[in-house]
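Residue-level listing of the chains:
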Amino acid sequence: MKKWIGEGTGHMSGKGRAGTSTTGESTALEHGCLCLENERTACDKTPGRMAQLAWGVGRQSVHAGLRSTRAAPPARDGPWGLQWDVGVGPSTRDPSPWEGARGGGVGRWGLAEPEPGWKSRRPVAWALTVAWCGPGRPKSQSLAMAQRKGVGGPPLEPEVLSVFVPPFVTKEDSQTASAPCATLSKTRRRSFRKKRDKPKSEPWKGLPPEDVTVPNGVDLLALPQLCFPGGLCVASEPKEDCVHFLVLTDVCGNRTYGVVAQYYRPLHDESCFYNGKAHWEPSWPTVGVAGCFVPFAVCVVSKLPYYNALKDCLSCLLTHLKLCKDFEVDNHIKDFAAKLSLIPSPPPGPLHLVFNMKPLQIVFPSRADPESPVIDLDLHLPLLCFRPEKVLQILTCLLTEQRIVFFSSNWALLPLVAECFMAYLHPLQWQHTFVPVLSGQMLDFVMAPTSFLMGCHLDYFEEVSKEADGLVLINIDNGSITCSNEEDVDLPDIPLLAAQTFIQRVQSLQLHHELDLAHLGASTDLNEGRARRRAWQRRLNCQVQQVALQLLFSIFREVKNHLNYEHRVFNSEEFLKTRAPGDQQFYRQVLDTYMFHAFLKARLSRRMDAFAQMDLNTQSEEDRLNGMLASPRRPTIEKMASRKSSALHAVHRRMVVSMPNLQDIAVPELLARNSSLRKVDSTGCGSVVLNVTPPSTYMFKIPEIHFPLVSQCVQAYYSDCVALLSKAMGLLAPDSSVLLARYYYLRGAVHLMQGQLLDALLDFQSLYKTDIRIFPADLVRRTVGSLSGPQRAQAERVPELRRLISEVVDKPGEAPKPDDRVKNFELPKKHMQLDDFVKRVQESGIVKDTNTIHRLFEALTVGHQKQIDPETFKDFYNCWKEAEAEAQEVSLPLSVTEHLDKNECVYKLSSSVKTNRGVGKIAMTQKRLFLLTEGRPGYVEISTFRNIEEVRSTTVAFLLLRIPTLKIKVVSKKEVFEANLKTECDLWHLMVKEMWAGKKLADDHKDPQYIQQALTHVLLMDAVVGTLQSPAAIYAASKLSHFDRMKNEMSTPVPRTTSETLKHKINPSAGETCPHAVDVLLYTPGHLDPAEKVEDAHPKLWCALDEGKVTVFDASSWTIHQQCFKVGASKLNCMVMAEQNQVWVGSEDSVIYIINIHSMSCNKQLTDHRSSVTDLVAQNGTPSKVYSCSADGTVLAWNVSTLRVTSRFQLPGGGLSSISLHDGCLWCCTGTSIVAVMTSGLLCQELKVGENFKEMSTSFVGFQLLPEQDQLWVACAGLASIYIWSLADLTQPPHRVPLQDCSEVSCMIRVKQQIWVGGTGLSQGLARGKIYVIDAERKTVAKELVAHIDRVTTLCSAEDRYVLSGSGGGEGKIAIWKVE
């Protein structure tokens, strides 16, 4: 084995490492070139070997198409499983019926003259190449001669004998007779071998590149070696057919997959030659004179890992090949390749494809979703080969990016087991070289200096172990894991709790199909038995994936608590401090990998992959409540008690709380340990039994493919596909949109292959509306680009296609983010002005609210120049973190915790002081002050913040000293609490007053955010005093007494009517850097659908914020149900619920987005409007309808089930802002008029603003209908009144209801017999958001509510029991009002 020289620079422990950096993306190793010693000699002496290898993390070149780099993000696959690439096609130059290469008959079958634009729109088949490999001609001739003479022949070198790539229809084929396919005679056979012999070449020195055909990027030099990785050996007796698998990686990190079937044919004793080639007669199992059986291999190279499906296909093929004559082999393989090339790859989702390849029914499964890989293998194979503890050790090797080599005596197991581990890692992705099968000539690759995963035959175990250092050697056959050269690789243990749970879950799996069949009768039908096995395997695969995902989730679930999404920062040091000591080695190694870096990018981009979905599904009520907190969190009394009950936790005292303003999901920490996982005693953990039900799947059977493969037969096949797909679509239930989208996808792809481009675009347009996740935008863009002039003009005349072209082609895509790096938090090294200080504090995770950070800046710069120096920031940061650590170490006895609420947290403890109620420490929670007495710890209540009447800082005489004392007077108690706090007195005086003021504001405004914000102020005061440590420290801290100043400055309390009507306030912008305006609110009642999970069947409040953000609240507890997710990027104008399982959202960008209530995902978009969608209204019935209107005056009626426009009309003048449906009429507000029209667009009534307000300039901003009173209530711009017209005669003057102190009306709704009007008005001389509640019968204002600091932007009703109001960006909160 040759040694590597010239190693690249920048290595760390022989591997590339990523880490996270503030200066740039995790960088690869500097490019270094490594070559073999005596490379030219090696090339000359080793046929088919690579002469030179360039190794580097950025570009790692591996022999014969096995190239590695950091894996690029998977591109969207096309309908046939490939990326849509103009350059990908049947050939890169004018192809001929066959093309030869010296050293083997290499050919390809392609179109003689492809039509213009064919490559750019063709959805290339997922089956890239089918190759037939075997011994070359000269060797075969020599072997035949030797066999006749009874002597040994020369060693055999495998060669590519024939290559078959799509398409398989030639120009001549398309001009064949026009008879039906069934009656067409067989076309002339085309040989894939060379037509004449070339002059005899010199001995092998490698194939010259100009003579080598590389179809679709498959390197034919490497393929023979990989098809016969153990060498090509002639047998004296027939051997059983065998299958093995390949994984090939190109220079961009894209993988292709190979399935190889080997079979043996006898070499006839009278060896003749067909067309210059050895002729093997099918006299099976007769043996020739010398008993010579020669191996051949058929390899299918695919873009998708269809291991089981292609194995079944090749098994069917071999039954024909072993019985055919040599000159028939090409035709059989060509027909086989042609069939595969015509089978589309199913789009992501529940639809699988079934194809009949006699005698078997072959199933091509789809990936579960666009983010998931195709799974077509048995994921439990590693669990049969390794004990669970060993599986965990292998996963540790992968997570820490070791140099890993798998070994097995079975070539097929190498890629299968390796692929299973890749699936276990999902959604994490292996970022390095991945070559699970190395032939004997490729063993040098294990000398590569960077991380890799490779596979070798067990025969090479000793050689690899001795020659290479630092390798992890995994023996699949005996389930062992060792290190090369008897060196120890520093492998940490996976966190113990996660490991124990994984082991128990694996042990609970039923891994043997026979046990599942014990109670069933024997199947007499082959395909029925196979279907039964597939169903069992699918259930087991689902369970194995769930077990692996839960393992990764338990390891990395708390990473999100240390992320800053705005600035893309990960605070790795603080994350490590929250890990148990025994787990820190594991995390330190994992955090320094490319894989983890890519994982962080996905988290910061809020990718909704399997990990994020599990995070959402496992959130507890406390987690959702924590998501609304604006203050730093501490361990609750409940968690403190559970932690204390675990003896394991007693060892781990030094813990730091996770970053503020992020959700906190804590898991119990465990003892440090260095023992092997084999010694873990899992008896202490509860039994874990998985009960995972795989999602429903559906099958679509591909029609039969007729032969011979001429153009007419292929077109007939396409027509059959279209007919079957159309029939299946017609049989779908109205609510089967998921299946409908997959049928649109497939039918559009088939139309495209037929050349019916406009029909294909229509299907893709329907797909765009039905499920945007699987919409092939790149393919559609290229298809539109290939349209001829007349076709483009015809497409532009169809409104739906015109819109599709505008959306996909003409509309520029979103500009890529200039910087998606993940930065690690670092303390600043230079002085900071205000803006830089705000950014740094937000990155640190201390606090995110910009206004609070401004006050902190003022506090830290009191008496100094308005800038923060690095030392001050460092001191402040350390004070903050030390306070967090101290809070984590607080341990309260049961006699104390029983007096506290389970969700209370201890935020501050004083030093031990003397009080008039004993000696002890004063403790502050978010609710109260209490004394933790010394000696025998006890609880003495001081006061809740609500009951405080007065707080004073004074001094008391003690001998000759005056001792600073804090005095707290409590309501209904005569005795004043006194504490001799000495030097802490002034600080505690500020903190208690701030908490008291925060509690008062929270009670007055029914807004718990005030108390949470007060806690942040208090902790910042403490950190500021600890940082400055000067006489001016208390004055500086007083800059943070924001609520105390507010309380003193508010001369009058909240109006009594407002206080009595207001029930609660919630903040959808909690955790954001600044408030966001609430644009739209929608309430949806609970228990709507049996498909909805019980825990998700609560009523919900949908809140649309600016820039297309939507936050969902659980309306039963007013906690966040779904954190903010994006619906487009523009302002949202309206929302409505349709069919109890959808929320339709109208946007400023003219798109209607449809959100699935169950999955909380937006996969459907309606793009028929040409202007901003301003209102939506739902009409129940069969079928249910939704009416939408846009600012240009267009009104569309939608069938909710089909998402098709059933009618449309246009109102003149534009300016359409709202619509309402009553008694078969649509009432529309256009600003200049309010009109009633039939759903067909016929005008019924009209109210014009100019005829009623002749002396003033105004417009209609909203209206409400009261049909039972025959009234139309209208709000006008700039007028402080509501006007009421009689529907019987709109020409009569309206009744006017004045709104006192109102300056603007922005919205109005009807609730029972009341009209609620929201807008802006004066309150105590200040502009405030106000709500006027008007009695509809008396036509008078019954209540005037001071609702928000900013204007009221939207109103909605919750079952006529509550009204919810949203405010502008100055406050950004939602108020909940009681309806009387």
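Everything quoted here is computed from the prediction, not taken from an experiment.

Cut-off values and rules
Residues numbered from 1 in each chain as written. Predicted model: local features only at pLDDT ≥ 70, side-chain atom pairs only at ≥ 80, totals over all residues. Heavy atoms only, no water. Helix = DSSP H or I, 4+ residues; strand = E, 2+ residues; numbered from the N terminus. Buried < 20%, exposed > 50% of the residue type's maximum accessible area, 1.4 Å probe, protein only. Contact = heavy atoms within 4.5 Å. Salt bridge = Lys/Arg side-chain N within 4 Å of Asp/Glu carboxyl O. Expected span 1.5 Å × (residues − 1). pLDDT = per-residue confidence, 0-100. Polar contact = N/O pair within 3.5 Å; in protein donor to acceptor, adjacent residues only side chain to side chain. Axes fitted to C-alpha atoms, helices over the stretch in contact; angles between N-to-C directions. Parallel < 35°, antiparallel > 145°, perpendicular 65-115°, else oblique. Left-handed = near helix turned anticlockwise from the far one by under 90°. Nonpolar A, V, L, I, M, F, W, Y, C, P; charged D, E, K, R; others polar. Pairing = 2+ DSSP bridges.

**So, the overall build of the chain**
Phase 1 of the analysis: What the chain contains, in helices and strands, is 36 helices and 56 strands.
Phase 2 of the analysis: Each of the 1380 residues in the chain was classed as buried or not, and the buried ones make up 57%.
Phase 3 of the analysis: A separation of at least 24 residues holds for 63% of the contacts in the chain among residues at least 6 apart in sequence.

**Describing the pattern of salt bridges**
Phase 1 of the analysis: Applying the stated criterion to the full structure yields 43 salt bridges.
Phase 2 of the analysis: The shortest N-O distance in the salt bridge between K848 and E566 comes to 3.4 Å. Taken together, the residues K848 in the loop between α27 (834-844) and α28 (850-860) and E566 in the loop between β17 (563-564) and β18 (569-570) connect sequence positions 282 residues apart.
Phase 3 of the analysis: Given a relative accessible area of 33%, E566 falls into the partly exposed group.
Phase 4 of the analysis: Ionic pairing is found between R1208 and D1168, a salt bridge with its closest N-O pair at 3.9 Å. Placement of the pair is R1208 in strand β41 (residues 1204-1210) and D1168 in the loop between β37 (1161-1166) and β38 (1173-1179), with a sequence separation of 40 residues.
Phase 5 of the analysis: Several salt bridges share partner residues, and in doing so they unite E574, K577, K881 and E884 into one network.

**Examining the environment of G1215**
Phase 1 of the analysis: Inspection of the secondary structure puts G1215 in the loop between β41 and β42 (1218-1222).
Phase 2 of the analysis: G1215 has contacts with A1191, C1229, T1230 and G1231, leaving out every residue within four places of it along the chain.

**So, helix α6 (residues 307-321)**
Phase 1 of the analysis: For α6, spanning 15 residues, the distance from its first C-alpha to its last is 21 Å, which sits close to the expected 21 Å at 1.5 Å a residue.
Phase 2 of the analysis: Buried within α6 we find Y307, A309, L310, D312, C313, L314, C316, L317, L318 and L321.

**Remarks on the confidence of the model for the chain**
Phase 1 of the analysis: Model confidence for the chain is summarised by a mean pLDDT of 79, while 77% of its residues fall at 70 or above.
Phase 2 of the analysis: Here residues 170-213 is modelled with pLDDT under 50, and outside its nearest four sequence neighbours on either side it reaches 88 contacts, counting other chains as well.
Phase 3 of the analysis: Overall, residues 646-687 carries pLDDT values under 50, and its contacts beyond four positions in sequence, including any with other chains, amount to 119 contacts.

**With respect to the side chain of S1367**
Phase 1 of the analysis: Within the secondary structure, S1367 is located in strand β55 (residues 1362-1367).
Phase 2 of the analysis: Within the local environment of S1367, its side chain forms a polar contact with the backbone nitrogen of G1372, the two atoms lying 3.0 Å apart.
Phase 3 of the analysis: Once residues within four sequence positions are removed from consideration, S1367 is found in contact with A1077, V1078, H1348, D1350, R1351, T1353, G1372 and K1373.

**Brief notes about the packing of helix α31 (residues 985-1005) against helix α32 (residues 1009-1028)**
Phase 1 of the analysis: Two numbers describe how α31 lies on α32: the axes approach to 8 Å, and their chain directions differ by 165°. Classified by the angle between their axes, α31 and α32 sit roughly antiparallel to one another. Crossing hand, α31 versus α32: right-handed. Contact with α31, carried on its side by L987, L990, M991, E994, M995, G998, K999, L1001, A1002 and H1005, involves Y1010, I1011, A1014, L1015, H1017, V1018, M1021, D1022 and V1025 of α32 and no other residues of that element.
Phase 2 of the analysis: Its residues assigned to classes, the contact of α31 with α32 comprises 13 nonpolar, three polar and three charged.

**A few points about the sheet that holds strand β52 (residues 1326-1335)**
Phase 1 of the analysis: Spatially, the four strands line up as an open sheet ordered β50-β51-β52-β53, and their pairing is antiparallel. Strands at the two margins of the open sheet, each flanked by one partner only, are β50 (1302-1311) and β53 (1340-1348). Strand-to-strand twist of the sheet, defined as the mean angle between neighbouring strand axes without regard to direction, takes the value 25°.

**Looking at the packing of α31 against helix α34 (residues 1042-1049)**
Phase 1 of the analysis: Where α31 meets α34, the closest approach of the two axes is 7 Å, and the angle between their N-to-C directions is 60°. For the element pair α31 / α34, the angle class is oblique. Where α31 crosses over α34, the two elements pack in a sense that is left-handed. Counting all contacts with α31, which are made through K993, E994, W996, A997, G998, K1000 and L1001, the residues of α34 involved are H1042, F1043, D1044, M1046 and K1047.
Phase 2 of the analysis: Looking at the contact of α31 with α34 residue by residue, the class counts come to five nonpolar, two polar and five charged.

**Considering the pairing of strand β5 (residues 242-249)**
Phase 1 of the analysis: Most of β5 sits out of view: six of its eight residues are buried.
Phase 2 of the analysis: Relative to strand β6 (residues 255-266), β5 is paired through eight bridges, and the arrangement is antiparallel. The partner of C242 across the bridge, within β6, is Q262.
Phase 3 of the analysis: Counting the residues that bridge the hairpin from β5 to β6 gives five residues, and of these G253 lies at a positive phi of roughly 90°.

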